[in-house]
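Geometric and topological summary
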Amino acid sequence: MNGNTNGRDSALPSQATEALPVVGDDYVRTPDPSLAAYESSFLDAVDELPTYRPSVGCIIPAYNEGETIAGVLDSLLQQTRLPDTIHVIVNNTSDESVEIASHYAGPHTRMTASGEQSTIIYVHDIGKNPDKKVGALNYGYSLVEHMDFLLGVDGDTTPEPDAIQHLVDEIASDDRIGGISAIYSIDDSALDGPMAKFLIAGQRAQFSAFNMQNLLKGRNMAVLGGQFSIFSTQALRDVMRDSHQRTPWVKDSEVEDSLLSLQIKSAGYLTKISAFARAHVGGMTTLRSLDAQQVKWNFGAIDLMWPGQRGDTKGQPLHPNLRLRWFEHMSMVVNIITRLMFALLLAGSLSISAFVFSPLWLIPPASAVLLNWRVARSMEFANKRDYLFAMLLAPAEVYMWIRMGHFVRAWLKFFSKQQTDNWAAQAKAERGKGTAWLYPFLVLLVLFVAAGFAWVQLPIQLQSDILAVGWPILGVITVLQTAWMLIKGSKRYRGFKA
């Protein structure tokens, strides 16, 4: 040896020391041929070491889901990663949900690419439940709170076969994540009648645009939708501690999933949308049911956004999860202003033969078509109906007017301080009852009739002056709106599919 070993040779057996050539001051160990025989058995022993498999408890709140619950359970049993337990929480039901779900009760085993997996399905009929879906969710939480993750699934949601695997892989990889939502789409494979097909196409475009917005914003998800989302049970416990709640979901919010998402974020966790997990949710096939659902969603969002205290809900207008909501509501206000102004100014101009067509007016609708086409292109399961909805312009425009009605009705309902059970209103609308969905159309008709009557009472000079001021104002707003649509339509989607 060189002698300059810094004492290291004294710590080595003589046989090993002789086998160590010296490179400068460092030893380089040469493989010992006698150890090669142990390599395969060592690697086999390592492979046989148990690996930790996070536990997942799935809860399915079911209210009159007799037509869909079988399909939901079938899709869960076909997953590449089965939940450890599945709890169907039937509540307030008047159909055959319990009987149908009971056929699936018990243990289930299937062979997957990663080996044999098993799960157990439990069916709980909790009878009359005054807290409705929130009560069913909290009952389900009490059954799975000892597990690592809670998977919430609606009674009409069918996931893609690898959806649970993607959600578990993503949330287990980062302790900062409190919950992850799947990418939602609406199954349009079995629809009857043109109205249902039109409304579902509009909802698919609406969901797709919302999903892509969240995917492009660092996959931050403001709302962990109850349709198909996975939650860290530790995050839920932290929410209950920080918010002084006995349960994760509270009954005094119109949008329990939005409120819980805000609370998870406030507890220091991330709320994400998955880049890969996909689920197909139930859509609204009538104007009546769509109105009830969208008014409930908008009303609940306003309740969270509005400053101050309403009942037991504290408005949090500056919460980071609500920034996108504020932007959506401001965008809807602009849409209402431009469309109403255009309709009124066009009618006024035609009434006095003062309208002069300009090809420049074709740019805004062309920009809208481009944006709608990009939305359709971003869908993972886009079909011919999605592209027709986007390219024909008229369907998307009509659907926008319908959404404007929902928006206005929700804000009026909020400011009127009506004590309305919007869950009950939606359930009633889905049964084909109620007339509230007609109010926006009646108000719009009255508005145009009143505006027309007032218009004809004005002298021609005043009419001309109003048009001379109104058209330039509308032009400026439209230019800004069109520029924004072109910016959105030219955005790169970075490989994401909604």
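Below you will find a few notes about this structure. These numbers were taken from a predicted model, which means no experiment stands behind them.

1. Observations concerning the environment of Ala376
- Take Ala376: it is sitting in helix H12 (residues 363-377).
- C-alpha separation for the pair Ala376 and Ala390, spaced 14 residues apart in sequence, amounts to 6.9 Å.
- For Ala376, the residues in contact, after removing those within four places along its chain, are Ala382, Asp386, Tyr387 and Ala390.

2. Brief notes about the pattern of salt bridges
- By the definition in use, this model includes 13 salt bridges.
- The residue Lys133 makes a salt bridge to Asp154 at a minimum N-O spacing of 2.9 Å. In this pair, Lys133 sits in helix H5 (residues 132-144) while Asp154 sits in the loop between strand S7 (149-153) and strand S8 (158-159), placing the two residues 21 residues apart along the sequence.
- Its relative accessible area of 18% is what places Lys133 among the buried residues.
- On the basis of relative accessibility, which here comes to 13%, the residue Asp154 falls in the buried class.
- For Arg241, the salt bridge identified is with Asp238, shortest N-O distance 3.2 Å. With Arg241 and Asp238 both in helix H8 (residues 233-243) and three residues apart, the pair spans about one turn of that helix.

3. Quick notes on the layout of surface pockets
- For the second largest pocket, the calculated volume is near 650 Å³.
- Lining the second largest pocket are 32 residues, with Gly405, Arg409, Ala436, Tyr439 and Pro440 sitting closest to its centre.
- Where the lining of the second largest pocket is concerned, the elements lending two or more residues are helix H10 (287-305), helix H11 (323-351), helix H14 (394-415), helix H15 (422-430) and helix H16 (439-457).
- Sorting elements by how many residues they give to the lining of the second largest pocket places H14 first, with eight residues.
- Considering only residue class, the lining of the second largest pocket consists of 19 nonpolar, six polar and seven charged.

4. Here we look at the sheet that holds strand S3 (residues 56-62)
- One open sheet holds the nine strands; their spatial order is S5-S6-S4-S3-S7-S10-S9-S11-S8, and the pairing between them is mixed. With one partner strand each, in any of the chains shown, strand S5 (106-112) and S8 form the two edges of the open sheet.
- Sheet analysis places S3 next to strand S4 (residues 85-90), joined by six bridges and oriented parallel. If you follow Ile59 over to S4, its bridge partner there is His87.
- This element, H5, spans S3, S4, strand S6 (115-125) and S7 of the sheet and lies at about 155 degrees to S3.

5. Remarks on the pairing of strand S9 (residues 177-186)
- Most of S9 is tucked away, with 10 of its 10 residues classed as buried.
- With eight bridges connecting them, S9 and strand S11 (residues 270-281) associate as parallel partners. Residue pairing across strands places Ile186 opposite Val281, the latter belonging to S11.
- Where S9 lies against strand S10 (residues 228-232), three bridges are found, and the strand directions are antiparallel. The residue bridging Gly179 from the neighbouring strand is Phe231, located in S10.

Criteria and thresholds
Residues numbered from 1 in each chain as written. Predicted model: local features only at pLDDT ≥ 70, side-chain atom pairs only at ≥ 80, totals over all residues. Heavy atoms only, no water. Helix = DSSP H or I, 4+ residues; strand = E, 2+ residues; numbered from the N terminus. Contact = heavy atoms within 4.5 Å. Salt bridge = Lys/Arg side-chain N within 4 Å of Asp/Glu carboxyl O. Buried < 20%, exposed > 50% of the residue type's maximum accessible area, 1.4 Å probe, protein only. 1 Å grid on protein atoms, 1.4 Å probe; cavity = no way out; pocket = protein on both sides within 12 Å on 5 of 7 lines; lining within 4 Å. Points joined across faces, edges and corners; volume = space filled by probe spheres on them. Nonpolar A, V, L, I, M, F, W, Y, C, P; charged D, E, K, R; others polar. Pairing = 2+ DSSP bridges. Axes fitted to C-alpha atoms, helices over the stretch in contact; angles between N-to-C directions.

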